[in-house]
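# A closer look at the structure
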Amino acid sequence: MSTTLRPHDLIWLNARDALEDVTESWVDTVWHSGLPVVVRRDVDAQGRIPVGVRGMKRDQRAAGWVKAGAVVRVCSPESLVDPLALLRSPFISQPPVQVALLLAQQTWPWTWGITGSTGYALATGIPVIHAASDLDLLIRAPQPLSREALGTWQQQLTAGLCRADTQVDTPRGGFALNEWLRDGKALLKTSQGPRLVSDPWSREE
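Residues numbered from 1 in each chain as written. Predicted model: local features only at pLDDT ≥ 70, side-chain atom pairs only at ≥ 80, totals over all residues. Heavy atoms only, no water.

### A few points about the packing of aromatic side chains
Selection rule: Any pair of Phe, Tyr and Trp rings, taking the six-membered ring for Trp, is counted once the centres come within 6.5 Å. Such a pair is stacked with planes under 30 degrees apart, edge-to-face with planes over 60 apart, and tilted for the rest. To qualify as a helix, a DSSP run of H or I must reach at least 4 residues; to qualify as a strand, a run of E must reach at least 2; elements of each kind are numbered from the N terminus. Buried means the residue's accessible area, taken with a 1.4 Å probe over protein chains only, is under 20% of the maximum for its type, while exposed means over 50%, and partly exposed covers the values in between. We call a charge positioned over a ring when the NZ of a Lys or the CZ of an Arg lies within 6 Å of the ring centre and within 35 degrees of the ring normal.
Applying the stated criterion across every chain yields a total of 7 aromatic pairs. With a centroid separation of 4.9 Å and an interplanar angle of 80 degrees, the aromatic rings of Trp108 and Trp153 are classed as edge-to-face. Highlighted residues: Trp108 in the loop between helix H3 (95-104) and strand S6 (111-115) and Trp153 in helix H5 (residues 147-158), separated in sequence by 45 residues. Pair check on accessibility: Trp108 and Trp153 agree, each one buried. Between Phe175 and Trp180, the aromatic rings sit 5.5 Å apart at their centres with planes inclined by 65 degrees, giving edge-to-face as the arrangement. Accessibility assignment for this pair places Phe175 and Trp180 in one class, buried. Members of the aromatic cluster, connected to one another through ring pairs, are Trp108, Trp110, Trp112 and Trp153. For the cation-ring pair, Arg147 lies above Trp180, with the distance from its terminal atom to the ring centre recorded as 4.2 Å.

Here it is, written out as structure tokens:
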């Protein structure tokens, strides 16, 4: 696969044993190669892709690694925001999907996508969301974005049908939008670990 993988992408693997260095025992009973794993932030000396495995329960999360050659399919968060696809989704009655549809019917000055349990459900058809589920969103921000525009986005979510959290993805790492808008600072998640910054796009911080 020649696609450049990014954190939050869902990927499918060609074999059960393509998943390496996972220590949690529940993975053996729950995960198989028909289910995707999610790309996470980390660095491997061998050049492998850092991934996370999702179980059926909220506390079932495991970290592992895969070689690039094992990836057979990729689903990016931004590929899940097509309004027609959301309308046709078996989960359209669930509040997180309704909020996502509302956002998808508007024009935004950035690329965005759906992550977390809602993204997983939309990508796989597996019912891992319910009426009380959160909506996890991702904004791709290779260049700095205006605080005003991001504030407008956040206002829509605050008045929504469910709790919604947005992660903003910059070339330096990812940060929580509500935290940055509220405090003027945010914990930037990088491949080398978290850092507290006021400008998530700055190389200097």
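After that view of the structure, there is still more to cover.
### A few points about the sheet that holds strand S3 (residues 49-54)
Condition: By the convention used here, strands pair only if DSSP detects at least 2 bridges between them. Axis definition: a line fit to C-alpha positions, over the contact stretch in the case of helices; interaxial angles, taken between N-to-C directions, run 0 to 180 degrees. Any two residues whose heavy atoms approach within 4.5 Å are treated as being in contact.
Taken in spatial order, the 5 strands of this open sheet run S4-S3-S2-S1-S5, and their pairing is antiparallel. If you trace the sheet from one side to the other, it starts and ends with strand S4 (61-66) and strand S5 (71-75), each paired once. Shown here is a sheet whose adjacent strand axes are inclined to one another by a mean of 35 degrees, direction ignored. Pairing of S3 with S4 involves 6 bridges; the strand directions are antiparallel. Bridge pairing in S4 places Ile49 opposite Val66. Against the sheet, helix H4 (residues 116-124) touches strand S1 (10-13), S3 and S5, its axis set at about 50 degrees to S1.

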